[in-house]
Amino acid sequence: RFLTFRNLLISVPFIVSLVINLYRQDSLMLLIGDSARDFLAARDMLLSGSIPIVGIPSSAPWLHQGPTSVWLIGVAFFFAKFNPVAPAILFGFLGAITTVLVWYLGARLFNEKVGFIASLLYATSPLIVVNARMPYHTSLIPFFAAIFFILLINALKNKKYLPFLFFSFGLTLLVELSNIVIFG
């Protein structure tokens, strides 16, 4: 019963994205200085029990990014016993889930064919893949933005989704301050 045409349209881009995002993460993981700083903050969070309420400083030193990536890296560290590849696997998996969200948005706004093409392009786009494979706060922007836009579509049709919409907007700001543009 699961092997319907619609489920294949969803599964193919998801599996492609999952394979590309997780392929040889143990040897090909991208690690930049800023994400290493997040790794240390997540380690300190777990060892001290003090959960950070702000993330890394932005280009304006008095503003800080959200701490969501540090929290997720901490969750990955907790379950993988501080394995440094675990956050990249978690972020790669969230990138694959984002591919499904892109499919859903395309199918909901246009049709399932557009959703399939959009999600396949998303899953194989080099910049998306590089970003999804890196455990860094910018990797989470598409995931939370897609959730925001799905809730926005629902809130435009049914006002009961408004609290969830505003909550998801807050989550996008906890990831990256540049998401303020969706406020408009």
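Structure report, in brief. What you see is a predicted model; the values in this text were computed from it and never measured.

## Focus: the overall build of the chain
For step 1, the next point in the chain: Counting its secondary structure elements, the chain contains 9 helices and 0 strands.
For step 2, the next point in the chain: Element order for the chain, N to C, with α for helix and β for strand: α-α-α-α-α-α-α-α-α.
For step 3, the next point in the chain: The C-alpha radius of gyration computed for the chain amounts to 17 Å, which stays within 12% of the reference 16 Å derived for 184 residues, consistent with globular compactness.
For step 4, the next point in the chain: In terms of overall dimensions, the chain has C-alpha extents of about 50 × 40 × 30 Å along its principal axes.
For step 5, the next point in the chain: Split by element, the accessible area of the chain, about 10400 Å² in all, is 74% carbon and sulfur.
For step 6, the next point in the chain: Taken as two groups, the 12 positive and 6 negative side-chain charges of the chain have centres that lie 15 Å from each other.

## Some points on the packing of aromatic side chains
For step 1, the next point in the chain: Applying the stated criterion across every chain yields a total of 7 aromatic pairs.
For step 2, the next point in the chain: For the pair F77 and F82, a centre-to-centre distance of 5.7 Å together with 40° between the ring planes defines the contact as tilted.
For step 3, the next point in the chain: A relative accessible area of 5% means that F77 is categorised as buried.
For step 4, the next point in the chain: By relative accessible area, which is 38% here, F82 ends up partly exposed.

## Structural notes on the pattern of salt bridges
For step 1, the next point in the chain: Inspection of the entire model under this criterion finds 3 salt bridges.
For step 2, the next point in the chain: Among the ionic pairs, D34 bridges to R37, the shortest N-O distance being 3.3 Å. Taken together, the positions of D34 and R37, both in helix α3 (residues 33-48) and 3 residues apart, correspond to about one turn of that helix.
For step 3, the next point in the chain: Taking relative accessible area as the criterion, D34 reaches 31% and is therefore assigned partly exposed.

## Overview of the side chain of S119
For step 1, the next point in the chain: Of note, S119 is situated in helix α6 (residues 112-124).
For step 2, the next point in the chain: The buried category is assigned to S119, whose relative accessible area is 0%.
For step 3, the next point in the chain: Within polar-contact distance, the side chain of S119 engages the backbone oxygen of F116 at 3.0 Å.
For step 4, the next point in the chain: Ignoring anything within four residues of it in the chain, the contact list for S119 reads P13, T99, V102 and W103.

## Description of the side chain of S17
For step 1, the next point in the chain: Summarising the element assignment, S17 is placed in helix α1 (residues 5-22).
For step 2, the next point in the chain: If sequence neighbours within four positions are ignored, S17 has contacts with G95, A96, T99 and A123.

## Considerations on the environment of V175
For step 1, the next point in the chain: Looking at the element boundaries, V175 is found in helix α9 (residues 162-175).
For step 2, the next point in the chain: A relative accessible area of 1% places V175 in the buried class.
For step 3, the next point in the chain: Between the C-alpha atom of V175 and that of H137, which follows or precedes it by 38 residues, the distance is 6.0 Å.
For step 4, the next point in the chain: With near-sequence residues (within four places) excluded, V175 lies in contact with Q65, G66, T68, H137, L140, I141 and F144.

## Concerning the packing of helix α4 (residues 68-80) against helix α5 (residues 86-109)
For step 1, the next point in the chain: Put simply, α4 and α5 touch, their axes get as near as 8 Å, and they point 120° apart. With respect to α5, the element α4 is oriented oblique. In this structure, α4 meets α5 at a crossing whose hand is right-handed. When α4 is examined against α5, the residues S69, L72, I73, A76, F77 and A80 are found in contact with a partner set consisting of A86, P87, L90, F91 and L94.
For step 2, the next point in the chain: The residue makeup of the contact of α4 with α5, split by class, is 10 nonpolar, 1 polar and no charged.

## Notes on α6
For step 1, the next point in the chain: The end-to-end C-alpha distance of α6, which contains 13 residues, comes to 18 Å, matching closely the 18 Å that a straight helix rising 1.5 Å per residue would cover.
For step 2, the next point in the chain: Those residues of α6 that sit buried are G115, S119, Y122 and A123. One side of α6 holds all its buried residues, which, seen down the axis, span an arc of 95°. Seen from the open side of α6, the exposed residues pointing more than 90 degrees away from its buried face are K113 and L121.

Cut-offs and rules
- Residues numbered from 1 in each chain as written.
- Predicted model: local features only at pLDDT ≥ 70, side-chain atom pairs only at ≥ 80, totals over all residues.
- Heavy atoms only, no water.
- Helix = DSSP H or I, 4+ residues; strand = E, 2+ residues; numbered from the N terminus.
- Rg over C-alpha atoms; globule rule 2.2 N^0.38 Å.
- Areas by Shrake-Rupley, 256 points an atom, 1.4 Å probe, with all protein chains shown as cover.
- Lys, Arg positive; Asp, Glu negative; His and termini not counted.
- Charge placed at Lys NZ, Arg CZ, Asp CG, Glu CD.
- Phe/Tyr/Trp six-rings, centres within 6.5 Å; stacked < 30°, edge-to-face > 60°.
- Buried < 20%, exposed > 50% of the residue type's maximum accessible area, 1.4 Å probe, protein only.
- Salt bridge = Lys/Arg side-chain N within 4 Å of Asp/Glu carboxyl O.
- Polar contact = N/O pair within 3.5 Å; in protein donor to acceptor, adjacent residues only side chain to side chain.
- Contact = heavy atoms within 4.5 Å.
- Axes fitted to C-alpha atoms, helices over the stretch in contact; angles between N-to-C directions.
- Parallel < 35°, antiparallel > 145°, perpendicular 65-115°, else oblique.
- Left-handed = near helix turned anticlockwise from the far one by under 90°.
- Nonpolar A, V, L, I, M, F, W, Y, C, P; charged D, E, K, R; others polar.
- Expected span 1.5 Å × (residues − 1).
- Arc of directions from axis to C-beta.

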